[in-house]
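Structural overview
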Amino acid sequence: MHDDEEVTVAAHSMLAERGGVRLRSGESALLLAAGVYGVSTTVSVVALRAVRPADLLAVEIFGAAAVLLATAAARGRLRRPGALRQMLVGVLVPGLAFLFGDLGLARTSASSGSLLLAAEPLLSVLLALLVLGERLSRRAGAALLLGLAGGALVAVGPGASGGDTTLGNVLVLLAVGAAAAFLIATRRVNDGDGLNESAWQSTGGALSVVPFVAASWSTGGTRLDTVGAAGWLACLAVVACGAAGGVLFNRGIARVPATRAAQLGNLTPVAGTLTAVVFLGDRPSLLQLAGGAGILAGLVLLLHNPEPHVDPEESP
């Protein structure tokens, strides 16, 4: 077992002992990834106040690819077998998801973008049922309904209006679709080495967005040469969130059914909305607060006394 995997197991054991909530192997990593992705949404909005979408896309994807490839190579965990397959999966995330996400977040608010992410668990669960043939237990079904009700409440809260905002929301939803497809794909192909898989996925994502970045810079230029220290700090924070979230997600998804992993992703809009409130001064309505509470209640229901599960690494 790698050192960073021991940390994940330790965190899993600590969380499993608290409040009657029990986590299966891999679930702590998925919950941490969901929280990191939520924070990344808010930080991305901050960065997009200083740079253009193509600028942030280039920094976050190419930066994460460089960091992950170098780290995996230095630790002897960069493997060529399966690399092409992981690069193709990376076209979905970070490629298309980050592309649509950055374009959308440049046109909508941090809280709206975060709350739209509540649609991802539903789409992911539906794809898992149709593509992977997975099933929902009664408890998981009830948790899904509770989470969806919470997501619906947070989505109807007051926000900005107008055509540009509508386009931004649609682009965020396209990012959600790419992320849902990515969850299903990784559930099929991943083996649990989050660092190796994230390194190749980020490489594939970087290559897939080169045409967009090149076209955008050739027609509209870049602001990276004039952005201040605060803007660069926000961009680098997005890089860190993307790299950390990707490694955590890839480590967890190999051990957790897609339907369950999708529902754990309900933490993302909650984390994104909370950070938008604290750091950007966004003010959610009472309905949104009630929805956030519903999402958290659904997570607790899902994680409390889960059904027996066999970790793939522990099976003969």
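Before going further, it helps to spend a moment on the environment of G291. Tracing the backbone shows G291 in helix 13 (residues 286–303). Accessibility expressed as a relative area gives 0% for G291, which makes it buried. C-alpha separation for the pair G291 and L153, spaced 138 residues apart in sequence, amounts to 4.8 Å.

Right, let's get into the packing of helix 3 (residues 53–74) against helix 9 (residues 194–220). Running from N to C, helix 3 and helix 9 cross one another at 150°; their axes reach a closest spacing of 8 Å. The angle between the axes of helix 3 and helix 9 places the two elements in the roughly antiparallel class. The crossing of helix 3 and helix 9 is left-handed. In the contact of helix 3 with helix 9, the residues fall into 19 nonpolar, six polar and one charged.

What follows is about the side chain of T186. Mapped onto the fold, T186 is located in helix 8 (residues 163–189). By relative accessible area, which is 0% here, T186 ends up buried. Setting aside residues no more than four positions away along its own chain, T186 makes contact with V89, Q201, F249, N250 and I253.

What counts and how
Residues numbered from 1 in each chain as written. Predicted model: local features only at pLDDT ≥ 70, side-chain atom pairs only at ≥ 80, totals over all residues. Heavy atoms only, no water. Helix = DSSP H or I, 4+ residues; strand = E, 2+ residues; numbered from the N terminus. Buried < 20%, exposed > 50% of the residue type's maximum accessible area, 1.4 Å probe, protein only. Axes fitted to C-alpha atoms, helices over the stretch in contact; angles between N-to-C directions. Parallel < 35°, antiparallel > 145°, perpendicular 65-115°, else oblique. Left-handed = near helix turned anticlockwise from the far one by under 90°. Nonpolar A, V, L, I, M, F, W, Y, C, P; charged D, E, K, R; others polar. Contact = heavy atoms within 4.5 Å.

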